[in-house]
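Working through the structure, step by step
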Amino acid sequence: MEEKLIEVVDLKKYFGSGIFKKSWIKAVDGVSFEICSKETFALVGESGCGKSTVGRCTLNLIRPTAGHVYFKDMDISSMNEVSRDIRKRIQVIFQDADGTLNPRMKVFDLMLEPFRVHGLSNGHGKEMVNELIEMVNLTPDLLGRYPHELSGGQRQRIGIARAMALNPEFIVADEPAASLDLSVQAQILDLMRKFQAEHGIGYLYISHNLKIVKLMADKVAVMYLGKLVEVGRTNDVFNCAKHPYTQALISAIPILDPCAGRKRILLKGDIPSPLNPPAGCRFHTRCPYRMKRCMIEEPALVGDKHIVACHL
Ligand code: SF4
């Protein structure tokens, strides 16, 4: 039976705005979900909806304003600093590996770094690095190069190798393939799936690319303006989306067959500012089905396995 790895409970993250920080940007406003081992839980939504902030709070890279993040029943959101042991078991893969690789370090040292930081190299660094580079399908001749001498796909593999080095149980993958060519994207995603099958890793997969999410995720949560609006098994959400925002996102996925006859739902206007979110349902300013009630009363997330926040 799969084990519960992560439980996020009513997570809120507000950022102060203005010189005197008198107003608040509600980047994340009451988000709850669970992730089990061997499970890929995808968080999707437009840029600025708060999904990356959820990822950073889940890792305790930033402290939440309210709410809790439990890793195997340990409340890591209340810890001033996450212990080394927990840091080893929770890792991250960023979209831009470039930003995480020290340009002055050679690949060998970059690969050795996680072991060294956790005091695990013990004179066996060379063997560990060789094993790691083989694991991510790279060749040992790259070990003497600097990051700028590698392709984007090779740098991303190094980022994945560093995340996998300490045998983590849970990984936050924030748009891990977004900056790569399609063929390289497929290789990176295959690699992530392979590690999940072999080591039972749970992933929080953050993306705006629904095509990839459909392939990768077991469960999907759709986020709009700091709140979850729909959560369910991937097949249920993609085959029977209930929230008008999810329906619009899915209708925008490019399809190869021009005769398939799917109708694109075009949303009017931009996502409102999280500094001053609309009252009632936050989506009401763009929703084609809005009613009077939607402007006053905020819909709760309801349902059993496929949950949705909508008055319809
Ligand atoms: Fe649209 Fe109302 Fe449902 Fe919000 S609650 S998504 S405005 S129908």
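Residues numbered from 1 in each chain as written. Predicted model: local features only at pLDDT ≥ 70, side-chain atom pairs only at ≥ 80, totals over all residues. Heavy atoms only, no water.

**Here's the deal with the overall build of the protein**
Defined as follows: Where helices and strands are cited, they refer to DSSP runs of H or I of at least four residues and of E of at least two residues respectively, numbered from the N terminus. For the radius of gyration, the atoms used are the C-alpha atoms, and the globule rule reads 2.2 Å times the number of residues raised to 0.38. Whether a residue is buried, partly exposed or exposed follows from its accessible area with a 1.4 Å probe, protein chains only, as a fraction of its type maximum: under 20%, in between, or over 50%, in that order. Should any heavy atoms of two residues lie within 4.5 Å, those residues are considered in contact. The protein chains shown are the only cover counted for residues, whose accessible areas, like all others here, come from Shrake-Rupley with a 1.4 Å probe. When charges are counted, Lys and Arg contribute as positive and Asp and Glu as negative, whereas His and the chain ends are disregarded. The atoms used to mark charge sites are NZ of Lys, CZ of Arg, CG of Asp and CD of Glu.
Secondary structure assignment for the protein yields ten helices and eleven strands. Since a compact globule built from 312 residues should have a radius of gyration of about 20 Å, the 21 Å found for the protein is in line with a globular shape. Referenced to the eigenvectors of the C-alpha coordinate spread, the extents of the protein come out at roughly 70 × 55 × 45 Å. Counting only residues that meet the buried cut, the protein has 48% of its 312 residues in that class. Restricting to contacts in the protein with at least 6 residues of sequence separation, those with at least 24 account for 62%. Surface accessibility of the protein: about 15,800 Å² in total, with carbon and sulfur atoms responsible for 52%. Between the mean site of the 41 positive side-chain charges and the mean site of the 35 negative ones, the protein shows a separation of 6 Å.

**Remarks on the packing of helix H5 (residues 152–164) against helix H6 (residues 182–199)**
Which entries qualify depends on this criterion: Here the axes come from fitting lines to C-alpha atoms, over the contacting stretch only for helices, and the angles between their N-to-C directions go from 0 to 180 degrees. An angle counts as roughly parallel when it lies under 35 degrees, as roughly antiparallel when it exceeds 145, as roughly perpendicular when it falls between 65 and 115, and as oblique in every other case. Each helix crossing is assigned a hand: it is left-handed if the near helix lies turned anticlockwise from the far helix by less than a right angle, otherwise right-handed if that turn is clockwise. The residue classification treats Ala, Val, Leu, Ile, Met, Phe, Trp, Tyr, Cys and Pro as nonpolar and Asp, Glu, Lys and Arg as charged. All others, Gly included, are polar.
Direction vectors running N to C along H5 and H6 enclose 15°, while the axes themselves pass 10 Å from each other. Classified by the angle between their axes, H5 and H6 sit roughly parallel to one another. Crossing of H5 against H6: the hand is right-handed. For the pair formed by H5 and H6, the contact residues are Gly 153, Gln 156, Arg 157, Ile 160 and Met 164 on the first element and Val 184, Gln 187, Ile 188, Leu 191, Met 192, Phe 195 and His 199 on the second. Here the contact of H5 with H6 is composed, by residue class, of seven nonpolar, four polar and one charged.

**Points about the site of the ligand**
Where we set the bar: A cutoff of 4 Å decides nearness: a residue is near a molecule or strand if any of its heavy atoms lies inside that distance of it.
Around the ligand sit 13 residues in total, of which Cys 281, Cys 287, Cys 294, Cys 310 and His 311 are the nearest. Residue composition of the shell around the ligand, grouped by class: nine nonpolar, three polar and one charged.

**A word on helix H3 (residues 107–117)**
Looking at H3, one finds that the buried residues are Val 107, Leu 110, Met 111, Leu 112, Pro 114 and Phe 115. Residues of H3 that are buried make contact with helix H4 (125–135) and H5. Immediately downstream of H3, the backbone of Gly 119 shows phi near 65°, a positive value.

**Considering the pairing of strand E10 (residues 227–233)**
Put simply, the test is: One requirement defines pairing of two strands: DSSP has to find at least two bridges between them.
Counting buried positions over the seven residues of E10 gives six, a clear majority of the element. Here strand E9 (residues 219–224) hands over to E10 after two residues, with Leu 225 in that stretch at a positive phi of 50°.

**Re the pattern of salt bridges**
Threshold: The salt bridge criterion pairs a side-chain nitrogen of Lys or Arg with a carboxyl oxygen of Asp or Glu, the two atoms within 4 Å.
Applying the stated criterion across every chain yields a total of 15 salt bridges. Note that Glu 34 is salt-bridged to Lys 4, the shortest N-O span being 3.9 Å. With a gap of 30 residues between them, Glu 34 in strand E2 (residues 23–36) and Lys 4 in strand E1 (residues 4–17) connect regions that are remote in the sequence. By relative accessible area, which is 37% here, Glu 34 ends up partly exposed. A salt bridge links Glu 113 to Arg 162, with the shortest nitrogen-to-oxygen separation between them at 2.8 Å. Taken as a pair, Glu 113 in helix H3 and Arg 162 in helix H5 lie far apart in primary sequence, 49 residues in all.

**Structural notes on H5**
Our working rule: Each helix should span, by expectation, one fewer than its residue count multiplied by 1.5 Å.
Look at H5: 18 Å from first C-alpha to last across 13 residues, which is about the 18 Å you get at 1.5 Å a residue. Of all 13 residues that make up H5, eleven are buried, and the element is covered over most of its length.

**Re the sheet that holds E1**
Pairing is antiparallel in the open sheet, where four strands are placed in the order E2-E1-E4-E5. Two strands bound the open sheet, and with one partner strand each, they are E2 and strand E5 (74–75). On the sheet, helix H1 (residues 51–58) packs against E1, E2 and strand E4 (66–71) and is oriented at approximately 120° with respect to E1.

**Things to note about the side chain of Arg 162**
How we decide: Between N or O atoms, a polar contact is any pair within 3.5 Å; within protein, one atom must be a potential hydrogen donor and the other a potential acceptor, and residues adjacent in sequence are included only when both atoms are from side chains.
Looking at Arg 162, the relative accessible area reads 17%, which means it is buried. In this structure the side chain of Arg 162 is engaged in a polar contact, spanning 2.8 Å, whose partner is the side chain of Glu 113. Among residues more than four places away in sequence, those in contact with Arg 162 are Gln 91, Thr 100, Leu 101, Leu 110, Glu 113 and Pro 114.

**Quick word on the nonpolar core**
Quick note on the threshold: Take the buried Ala, Val, Leu, Ile, Met, Phe, Trp, Tyr and Cys residues and link them wherever side-chain atoms come within 4.5 Å; each set so joined is a nonpolar core.
Met 111, Ile 160, Met 192, Phe 195, Tyr 205 and Val 213 are the most contacted members of the largest nonpolar core, which totals 59 residues. Considering each element in turn, this core owes the most residues, six residues, to H6. Filtering out sequence-adjacent residues up to four positions away, Tyr 205 remains in contact with Thr 40, Phe 41, Ala 42, Leu 43, Ala 173, Pro 176, Leu 189, Met 192, Ile 212, Val 213 and Met 216.

**Some words on the packing of H3 against H4**
Helices that pack against each other are described as a pair by the angle of their axes relative to one another and the distance between those axes. In the contact formed by H3 and H4, the axes pass within 9 Å of each other and the chain directions differ by 105°. On the basis of their axis angle, the class for H3 and H4 is roughly perpendicular. Residue-level inspection shows Val 107, Phe 108, Met 111, Leu 112 and Phe 115 of H3 in contact with H4, the latter providing Gly 125, Lys 126, Met 128, Val 129, Leu 132 and Ile 133. Its residues assigned to classes, the contact of H3 with H4 shows nine nonpolar, one polar and one charged.

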